[in-house]
Each structure stands twice: as structure tokens, then as C-alpha cells.
Amino acid sequence: MIISFLVVIALSMVLAMRARAGHSQQSAKDFFVAHGQFGAVLLFFLSVGETYSVLTMLGFPGGVYSGGQDFIIWFFGFIMMAPTLLFFIGPWIWRAGRLYGAATIADFFGRHFESRSLEIFVAISCIILLIPIGTMQFVGIRLVLTHLMPGVVPALLTSLAAAVTLAYVLLAGLRASAFVAVLKDLLMLAAIVVVGVAALFLSQNGGANLPPASEILHATGGGESGDGAALAISTIILQAIGFLVIPQGWAVLFSARSADSIRQTQMVAPLYMVMFPMLVIVAQYARTHGIVPGRPDFVFLAVTEALLPSYLTGVIFATVTLAGLVILSGVCLAIAPLITRNMVPNLSNNRQMIWAKVVTGIYLVASVICAETSTRLMATINGLFHMGITQLFPGLLAALFWARVPAKAVIAGVLIGFFTVGGLMTSWSGASYFNVGILALVANLVGLWVVSHVSPRASSAQSVIRKVACNQNAARG
Amino acid sequence: MLRHIAPFRLPVIGVAFPFSLLCASAFALPSDQVFWGISFNIWGVFLCAPVTSLCLRYCRSELEGTSASLEKSKHAPSEGNII
């Protein structure tokens, strides 16, 4: 099992080295966003790689095992709806990136609104919200590695995982992430289909004896379908919107060769979701065949161990680990430029790259330490991630459509959104029935509108769409 | 202003229709009937994904050719098709 695990990880390293071929002298922009050269195929794998994390392979079947229908609906729903929004808005983010020479979300906000304060504000907000993602990935990776190598100190195992991630980033930046994502995405789909099909056909009557998800729900004390409808629908909307403004997602968009390659990618993305029925079958197989994992999140791996030969189990454990490592490298490549380009401006090309590598190392070490010591705090912050990051969405809308919204209105809106989320989460009992992030977005929009009316931007200001159209007309002569 | 992103009918087909279908499948289909261990409403939710892909495919065919002159990167060649 360990040998097959190591073979897959070694293969990922070979791919990361292969990504470097022809790009040994990288510029900062090449390092962070591959100089916008990725076509639809590579962009698809990178996009899917940044979407499906350890949470998908461990958390989703774990949630089905211990949760129920509403969990399936919102988890599947927001991942399905995100590509529909990215299909329409993504190309405009890409065009704005070209227009402003942006490599990060903070570049975009700072340059469009011509405000250094807003650039720093967005960079700090993104960094704070991205920090726990690394910790949560390491928590998932630790779960896998400690089971694979029970005699080894967990901190050593997560440190080795951090070293592999650092190697990806140092070898070729986003190119390495993209190449490893190809391996991870293909293995992930194959692994889930293999385990799902095995569970289906090894269960008596070809799966006919498996109970519906609703029965699992009743057995585990979850809410009935319908009771959580408002929460499920509001969460789907909020998290799908969140995908439009997550910083690592912008790096993927900026790496695209053309706007149409983004559309092609998002058009195909929902088909990758074929894995979800298999994950539900796996979770239900565990419930009906007496497989009791140590914790719900381990249910997929427990079924894998029960059904598949040892060498295949090793491959699947490696796939779950890769899922975490790809996300980690993506987050590192999102955080590093936020610091080296936006927080500390005017660094030369070489110094940006050097400091990006240093920041990556520090981030990984901090995440390993947090995974060992502050999991609960990080889980809480991680839970706030989508509600918090989504507060940048009104600012994005303003940049695209409303020319006279000033930077201070965007900052005011985001702050109002943050405080509304915090206030409602702690004091409103309805938070368990409706996603407070949506209410915070409304408050954010109202704040943005009021400040824009009190102190609008100069009438000569243009929206992104208008600027792109003007450039297009100028190019046509 | 939305018309600048796409003709009005395309976001309806590409976003509103898949979302409505998702909600209808999740909350209107029966949850007590089962096939392969998965209740009908969850199957309905799962089947929304390929339908969404088809809707986006239609939208892309309608959008093809827009702003093509600005969309090509100055940096060649593409790496997307080397794998």
C-alpha cells in the first residue's frame, strides 16, 4: 500500500518537473499566472483541481454518512451553479486582467478604482480568509497519512506533505500546480468511480438494498428535506457567488489564453460531477454493511480499505493526499503575490519571485503548526470563508457595471458586510435556517449605494465593460 | 447593463434555468422512492449537472465570435492542448 502511495506522489513530482521544461527562467507573472498561456484543457484541470479538495473526497461522503439530503443538495448545488456564473462573469474578469495587467484580485481592485488603500484592504482581507484553508487541507492530509503510517509522528507526516507542496511551487509555480492537477483530477475521478462501482456491485442485490438518503437522515437525527430548504438554497447562492471572488480562482482565470477557453472550461465542468452519485453510494454502503469509521470523514477511505486490494488502496490514499496538495499549492500561489505585489509594492521581478517562495514556506509552516494546535479556531474561520470572501462581490459588480462607485464605497460595503455576518452569526437565531451571508451581501450593497450617492467618483470614470468596449473600438480603428 | 455581458435570454438559459431545475428537483421530486440506494429527488439533483452543461454549451454557441479580436493572448503558444 505504501509503495503504490509513494509511486503516485513521485509521479506528481515528475510532472511538476516536467512543467518546468522550457520555462526555467520564469518571470513573476509566469510564476503566478503562467503568463496567460493555458488553453482549455489545462485550464479545465486546473479549475477542477482548485474546486475539488480533500473536502470532496472525505467531507462529502462523511457528510452524507452523518448528515443527509439537505447536505447533498447544497454541496452539489453550489458546485454545480458556480460554473454557470463563471461562464458569464469569468471572461470579463479575464478581460479586466488584461486591461489592468493584473495578476491578483487586489491588483484588479486597486487599479480599477485607482486606490492603493483599496488594494491593500482587499489583499489583507483575502490573506486573512485564505489562511485557514491551508490548515484544513493539512487536517485532511493528516487523517490519511496517520492511517497509512500509524507509527510515525503526525507532525512529521504533515511536514513532509508541506515539503512536497513547497517543491511544486518552487519548481514551476502555477504551471506545476496545473500539471499535478491533471494527475490528481484523473485519479480522483477514477478512484471514486472504482470504489463506487465496487460498493454497488458487492452489495447484495446490486445495491437495491441500500436505503435512501432520507432514511440515513432519520437514523442520524438530521433535518428532513424541506425543513432546511431556505438554508440550502441561500447557501447554494452565496457559495456559488463566492466562487467568483476567491483569490485562487482569479489566478486560474488570469492563466487562461482567451475568454473563450474560460467558457469552454466552465461548460464542461458540471460533467465532472458524475462522481457525486458514487460518493453517496459509498457512504450508504458503509452504513448498511457495518463499516464504522473512526470519524465520519474517514468513511470513503474505510470503504476503500474494505473493498479494494492493498495496492489500489495506496493509490486512492495518494489521490486524496494530492487533492489536498494541489489546493495548498494554489492557495500558496494566491497568497504570495498578494504580499509581494500588493502589500509590498514596487519589488523587482526577481525579488517578487524570491519573496513569493519565502512567503510560501512561511505559510506552509504556519499551516502545519495550526493543523496541530488550532484546528477548532481555523475551522471556525474557514466556516466564515465564503461568507467573508463573498463580500467582495458587490465591488466586482460595481467595477463591471457602475462607473461612479468610488473605492471608499467598496471598502464601506465590505466592512458593513463583515460586521453584518459577525453580528448575525452571534446574535440571530434564524442563522440556522437562512445563510446570513446573503443578508450581509444586501447590507453591503446598500452601504455601497449610499456612499456612492453621497460621494460619487468623477464623471469621467468608466466601468470595466465600457473600457473594454472602448479598447475594442480603438483596436478596430 | 446585463445585456453587455450577454443577451438577456442567455443568463436565463445558463443560470436561472439550471438553478430552477435544481430547486425543483430537490424539493418537488419524491424523497421516499429509491433507485440504487439514492432517492429520486437526489437523482434529480444529480441529473441537473449534465443539463446545465448542455445549457452552457448552447450559450457558448450563441456567444461565439464576440470580442474575439481582444480575447487572444499576445503570448503564444497555447499550452492547453499539449497533454
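Just so you know, these numbers come straight off a predicted model, no measurement behind them.

### Quick notes on the overall build of chain A
(1) Moving on: Along its length, chain A carries 22 helices and zero strands.
(2) Moving on: Computed over its C-alpha atoms, the radius of gyration of chain A comes to 22 Å, within 12% of the 23 Å expected for a compact globule of 477 residues.
(3) Moving on: Referenced to the eigenvectors of the C-alpha coordinate spread, the extents of chain A come out at roughly 70 × 55 × 45 Å.
(4) Moving on: Within chain A, the proportion of its 477 residues that are buried is 63%.
(5) Moving on: Of the contacts made within chain A by residues no fewer than 6 positions apart, 86% connect residues no fewer than 24 positions apart.
(6) Moving on: For chain A, the exposed area adds up to about 16,300 Å²; of that, 66% sits on carbon and sulfur atoms.
(7) Moving on: Computing the positive centroid from 24 side-chain charges and the negative centroid from 14, chain A places the two 16 Å apart.

### Re unusual backbone geometry
All names here are of chain A.
(1) Moving on: Non-glycine residue Glu114 carries a positive phi angle of around 50°.
(2) Moving on: Looking at Glu114, the relative accessible area reads 65%, which means it is exposed.
(3) Moving on: One non-glycine residue with positive phi stands out, namely Asn346, at about 65°.
(4) Moving on: With respect to the helices, strands and loops of the structure, Asn346 is situated in the loop between α16 (310–343) and α17 (349–373).

### Here we look at the environment of Ala96(A)
Residue and element names in this part refer to chain A.
(1) Moving on: Relative to the elements of secondary structure, Ala96 occurs in helix α5 (residues 69–100).
(2) Moving on: Linking Ala96 and Val282, residues 186 residues apart in sequence, is a C-alpha distance of 43 Å.
(3) Moving on: In this structure Ala96 touches Phe108 and Val464, once residues within four positions along its chain are discounted.

### What to know about the packing of aromatic side chains
All names here are of chain A.
(1) Moving on: Overall, the coordinates contain 25 aromatic pairs over all chains when judged by the stated rule.
(2) Moving on: On the basis of an interplanar angle of 55° and a centroid distance of 6.0 Å, the ring pair of Phe75 and Phe276 is categorised as tilted. Residue Phe75 is located in helix α5, and its partner Phe276 is located in helix α14 (residues 275–288); the two are separated by 201 residues in the primary sequence.
(3) Moving on: On the basis of relative accessibility, which here comes to 3%, the residue Phe75 falls in the buried class.

### A short note on the nonpolar core
(1) Moving on: In terms of nonpolar packing, the biggest core is built from 195 residues, with Phe108(A), Phe109(A), Phe276(A) and Leu396(A) touching the most fellow members.
(2) Moving on: Broken down by element, this core gets its largest block of residues, 20 residues, from α5(A).

### A closer look at a nonpolar patch on the surface
(1) Moving on: Side chains of Val442(A), Val446(A), Trp449(A), Val450(A) and Val454(A) sit close together on the surface and give an oily, nonpolar patch of about 500 Å² of accessible area.
(2) Moving on: Looking at Val446(A), the relative accessible area reads 47%, which means it is partly exposed.

Cut-offs used in this document
- Every chain's residues receive numbers from 1 upward, in the order its sequence appears when written.
- To label them, take the chains in the order written and letter them from A, then take the ligands in the order written and number them from 1.
- Given that the model is predicted, a residue must reach a pLDDT of at least 70 before its local features are reported, and side-chain atom pairs must reach 80 or more before they are shown or counted; all residues, however, enter totals for whole chains, interfaces and linings.
- As a rule here, side-chain values cover all heavy atoms of the structure and leave hydrogens and water aside.
- Under the DSSP-based scheme used, a helix requires at least four consecutive residues in state H or I and a strand at least two consecutive residues in state E, with every element numbered from the N terminus.
- The reference for a compact globule is 2.2 Å times residues^0.38; the radius of gyration itself is calculated from the C-alpha atoms.
- Classification of residues uses two cut-offs on accessible area relative to the type maximum, computed with a 1.4 Å probe and protein chains only: under 20% is buried, over 50% is exposed, and between them is partly exposed.
- The contact criterion used is simple: two residues touch if any of their non-hydrogen atoms lie within 4.5 Å.
- Note on areas: Shrake-Rupley with a 1.4 Å probe; residue coverage comes only from the protein chains shown.
- In this charge count, Lys and Arg are treated as positive and Asp and Glu as negative; neither His nor the chain ends contribute.
- Working definition for charges: the position is that of NZ of Lys, CZ of Arg, CG of Asp or CD of Glu.
- Classification of ring pairs uses Phe, Tyr and Trp, with its six-membered ring standing for Trp, and accepts pairs whose centres are within 6.5 Å; under 30 degrees between planes counts as stacked, over 60 as edge-to-face, and the remaining range as tilted.
- What makes a nonpolar core is a set of buried Ala, Val, Leu, Ile, Met, Phe, Trp, Tyr and Cys residues whose side-chain atoms join them at distances within 4.5 Å.
- Here, patches come from residues exposed beyond 30% relative accessible area and free of salt bridges, joined within 9 Å for like charges and within 5 Å for nonpolar side chains (Val, Leu, Ile, Met, Phe, Trp, Tyr).
- In the sections that follow, a salt bridge refers to a side-chain nitrogen of Lys or Arg positioned within 4 Å of a carboxyl oxygen of Asp or Glu.

Purely geometric numbers; function is a separate question.
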